[in-house]
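Breakdown of the fold
Residue-level listing of the chains:
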Amino acid sequence: MIAIKEISKFYSETQALNKISLHVNEGELFGLIGPDGAGKTTLMRILITLLLPDSGEAKMDGLDVVKNFKKIRHIVGYMPGRFSLYQDLSVEENLHFFATVFGTTIDENYDLIRDIYHQIEPFKKRRAGQLSGGMKQKLALSCALIHKPKILVLDEPTTGVDAVSRKEFWEMLKKLQDKEITILVSTPYMDEANLCDRVALIQKGKILDVDPPQRITEKYPHRIIRARSDEIYRLIQDLRAFDKAESVFAFGEFVHFTGTDDNVEPSQLDAYLHKKNHKNVLVEEINPGIEDVFMGSM
Amino acid sequence: MKEEIIKVKNLVKKFGSFTANDNLTFDVYKGEVFGFLGANGAGKTTTIRILSGLSSPSSGELNVAGFDVYTETEKIKKNIGYMSQKFSLYEDLTVAENIRFYAGIYGISPKHRKEKMGELLKKLEMENGRNKLIAGLPLGWKQKLAFSVAVFHEPKIVFLDEPTGGVDPVTRRKFWDMIYEAANDGITVFVTTHYMDEAEYCDRVSIMNEGKIEALDTPAKLKEKYNARDMDEVFLKIARK
């Protein structure tokens, strides 16, 4: 449904995208996972025909992003990272506006947006600028869907959104997937990778890996050991001072340790920490998560 | 012996008929990392603005760093630091100019400033970046520098309002290394975040919902109380009520 071949893009001397190639299948929920500045927005803006690539080519449902840009705009729904609806129009007016621009009506495609729009419909006379963050997000998604696109492109829809609203948003995306919409979504939250069918890890304009999230973590070659004690700050310091320490970082209540080689045993660390007088020590080997993989490949 | 650095008793803040902070009572101890969590719109920013002397409560007794929030707001401002994701540094000033500007505002002598700036830039490995404009820096650098500027005048408390959004996982953790270091030096850290793994790094966490504090304890005790695997689950249970 989305085919990207060796796309590069420069902003003066900075290379935003470095020969990116990627395929997204029909009906897939595909995640672009990477931090600020990785190139996620640039890639999305090329795909939705708002930006020209310097080299390479890309097709959306078989249509070329340069030659067929007008046709693509009819089959793609886009939700930018920054809230971009008309703040001084009401909820209903915004939706009506986008429907009209695409030559359709709210009634015609109401089915598609019902679940989402239903939640903000009680406030349909309110100006968009006066909505809460979560409501703005729902309105933006409704507007991106009102012309019944084949492909939905969402640029960091959950950044700065609280954990509850984030969870609800992903539930909405799953429902849209059932309606045969292909979804390309970007996020800096590594934990959201697990909610996608496949993900691309992207950093500094390059793709580090593409696979289903489970595969990405399964094939990670290094051993991860996690440790806990009563004093997390001292624990991090002490583990970093361990002679075979490669990387030591906090992960929630634990600290994840990777050795310079994979022969460091949990029992060695356990003994080391006891010698350093740590209390309530727990050391064990674990399966890596997406965040471990991402950090390991940086 | 735990010393309270922030004391809040029956804090109420109303905007017209809307109650943003509904009778909050809590203490923050000196040198702790205090996580202040809640969904968007729960009332966190309102509380932070009051604690930093930028807004007055409708009622309640509050003391921050030994000063009263009604009558001694200027003294409070001298004793706290503040950093947010949205605004912290001047984009069209250089690194050195930003530091000089903040040092000037807090009345730090030029001699002391020069010494400290040298140390700081060395620590951040930014000695070659001192004359670069903030606008051109990577987000991770900006965040580290913004934090360093917020604690440059050695405040008793530093307020961090969603400091880590958008950065890569390594940068985010390096930022937390700085937070731990500050706490270890005795600075009290009051932090809001949407990353629930970061909630685990706090000594104690409060969770707000619709203007009220629904829970306040150490992450371990909260997980036990709500029978949850991690703080994410605790948060969902409380904020979805």
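Our subject is the structure that appears above.
Residues numbered from 1 in each chain as written. Chains lettered and ligands numbered in written order. Predicted model: local features only at pLDDT ≥ 70, side-chain atom pairs only at ≥ 80, totals over all residues. Heavy atoms only, no water.

1. Considering the overall build of chain A
From N to C terminus, chain A includes ten helices and 14 strands. Referenced to the eigenvectors of the C-alpha coordinate spread, the extents of chain A come out at roughly 70 × 45 × 35 Å. By residue count, 53% of the 298 residues in chain A fall in the buried class. Look at the contacts in chain A between residues 6 or more apart in sequence, and 67% of them connect residues 24 or more apart. Taken as a whole, chain A presents about 14,000 Å² of accessible surface, with 47% of it coming from carbon and sulfur. Of the side-chain charges in chain A, 39 are positive and 44 negative, and the distance between the mean point of each set is 4 Å. (Helix = DSSP H or I, 4+ residues; strand = E, 2+ residues; numbered from the N terminus. Buried < 20%, exposed > 50% of the residue type's maximum accessible area, 1.4 Å probe, protein only. Contact = heavy atoms within 4.5 Å. Areas by Shrake-Rupley, 256 points an atom, 1.4 Å probe, with all protein chains shown as cover. Lys, Arg positive; Asp, Glu negative; His and termini not counted. Charge placed at Lys NZ, Arg CZ, Asp CG, Glu CD.)

2. Examining the overall build of chain B
Counting its regular elements, chain B contains nine helices and ten strands. By principal-axis analysis of the C-alpha atoms, chain B measures approximately 50 × 40 × 40 Å. Taken across its 241 residues, chain B has 55% of its residues classed as buried. Put simply, 67% of the contacts in chain B that link residues at least 6 apart link residues at least 24 apart. Taken as a whole, chain B presents about 11,100 Å² of accessible surface, with 48% of it coming from carbon and sulfur. Side chains of chain B carry 36 positive and 34 negative charges; the gap between the two charge centres is 3 Å.

3. Description of the interface of chain A and chain B
Opposite the 28 residues of chain A that make contact, chain B presents 30 residues. Buried surface at the junction of chain A and chain B, both sides included, amounts to about 2,400 Å², of which 62% is carbon and sulfur. Among the residues chain A hides against chain B, the three largest losses belong to A:D162, A:V164 and A:Y233. Together they make up 23% of the total. Linking chain A with chain B are four salt bridges. Salt-bridge contacts for B:R173 lead to A:E291; the nearest nitrogen and oxygen are separated by 3.2 Å. Our count for the chain A to chain B interface comes out at seven residue pairs in polar contact (both at pLDDT 80 or more). Put simply, the parts of the chain that give the side of chain A that touches chain B at least two residues each are α6 (163-178), α8 (232-241), β12 (245-251) and α10 (290-296) of chain A. The dominant element in the side of chain A that touches chain B, judged by the number of residues it contributes, is α6(A), at seven residues. (Buried area = accessible area lost by both parts, 1.4 Å probe. Salt bridge = Lys/Arg side-chain N within 4 Å of Asp/Glu carboxyl O. Polar contact = N/O pair within 3.5 Å; in protein donor to acceptor, adjacent residues only side chain to side chain.)

4. Some details on the packing of helix α4 (residues 110-117) of chain A against helix α5 (residues 133-145) of chain A
Residues and elements named next belong to chain A. Direction vectors running N to C along α4 and α5 enclose 175°, while the axes themselves pass 10 Å from each other. Taken together, the axes of α4 and α5 lie roughly antiparallel to each other. Each of L112, I113, I116 and Y117 in α4 lies in contact with α5, whose residues at this interface are K138, L141, S142 and L145. Residues that form the contact of α4 with α5 fall into these classes: six nonpolar, one polar and one charged. (Axes fitted to C-alpha atoms, helices over the stretch in contact; angles between N-to-C directions. Parallel < 35°, antiparallel > 145°, perpendicular 65-115°, else oblique. Nonpolar A, V, L, I, M, F, W, Y, C, P; charged D, E, K, R; others polar.)

5. As for the pattern of salt bridges
For the structure shown, the criterion picks out 39 salt bridges over all chains. One salt bridge in this structure joins A:R198 and A:E28, with 2.6 Å as the shortest N-O distance. On the criterion of sequence distance, the pair formed by A:R198 in strand β9 (residues 198-203) and A:E28 in the loop between β2 (14-24) and β3 (29-33) is long-range, its members being 170 residues apart. Residue A:E28 is classed as buried on the basis of its relative accessible area, which comes to 8%. Here B:R172 ties to B:D197 by a salt bridge, and the two come within 3.2 Å at their closest N and O atoms. Placement of the pair is B:R172 in helix α6 (residues 169-184) and B:D197 in helix α7 (residues 196-199), with a sequence separation of 25 residues. B:R172 gets classed as buried once you look at its relative accessible area, which sits at 4%.

6. Some details on helix α5 (residues 139-150) of chain B
All names here are of chain B. Taking 1.5 Å of rise per residue, the twelve residues of α5 would be expected to cover 16 Å, and the 16 Å separating its terminal C-alpha atoms lies within 8% of that figure. Most of α5 sits out of view: nine of its twelve residues are buried. For α5, the full list of buried residues reads G140, K142, Q143, L145, A146, F147, S148, V149 and A150. (Expected span 1.5 Å × (residues − 1).)

7. Quick look at the packing of aromatic side chains
All chains considered together, the criterion is met by 18 aromatic pairs over all chains. Ring centres of B:F101 and B:Y102 lie 5.5 Å apart, and the angle between their planes is 85°; this geometry places the pair in the edge-to-face category. For B:F101, a relative accessible area of 34% puts it in the partly exposed group. Residue classification places B:Y102 among the buried residues on the basis of a relative accessible area of 15%. Seen from their ring centres, B:F147 and B:F175 are 5.5 Å apart, and the 70° between their planes marks the pair as edge-to-face. With B:F147 in helix α5 and B:F175 in helix α6, this residue pair connects regions lying 28 residues apart in the sequence. The residues B:F147 and B:F175 share a single accessibility class, namely buried. An aromatic cluster is defined as three or more aromatic residues linked by ring pairs; in this entry it consists of B:F26, B:F34, B:F36, B:F159 and B:F190. Above the plane of the ring of A:Y189 lies A:R166, whose end atom (NZ or CZ) is 3.6 Å from the centre. (Phe/Tyr/Trp six-rings, centres within 6.5 Å; stacked < 30°, edge-to-face > 60°. Lys NZ or Arg CZ within 6 Å of the ring centre and 35° of its normal.)

8. Comments concerning the sheet that holds strand β14 (residues 282-286) of chain A
Within a sheet, adjacent strands bond to each other through the backbone by hydrogen bonds, running parallel or antiparallel. Residues and elements named next belong to chain A. Within the open sheet, the four strands sit side by side as β12-β13-β11-β14. Their pairing is antiparallel. Edge positions in the sheet fall to β12 and β14, since each has one partner strand and no second. Put simply, the sheet's adjacent strands are angled 25° from each other on average, direction ignored. Across the sheet, α8 touches β11 (224-228), β12 and β13 (254-259), and the angle it forms with β12 is around 165°. Sitting on the sheet, helix α9 (residues 266-275) touches β11, β13 and β14, and the angle it makes with β14 is about 160°. (Pairing = 2+ DSSP bridges.)

Everything listed here is a matter of coordinates, which is why it stays silent on function.
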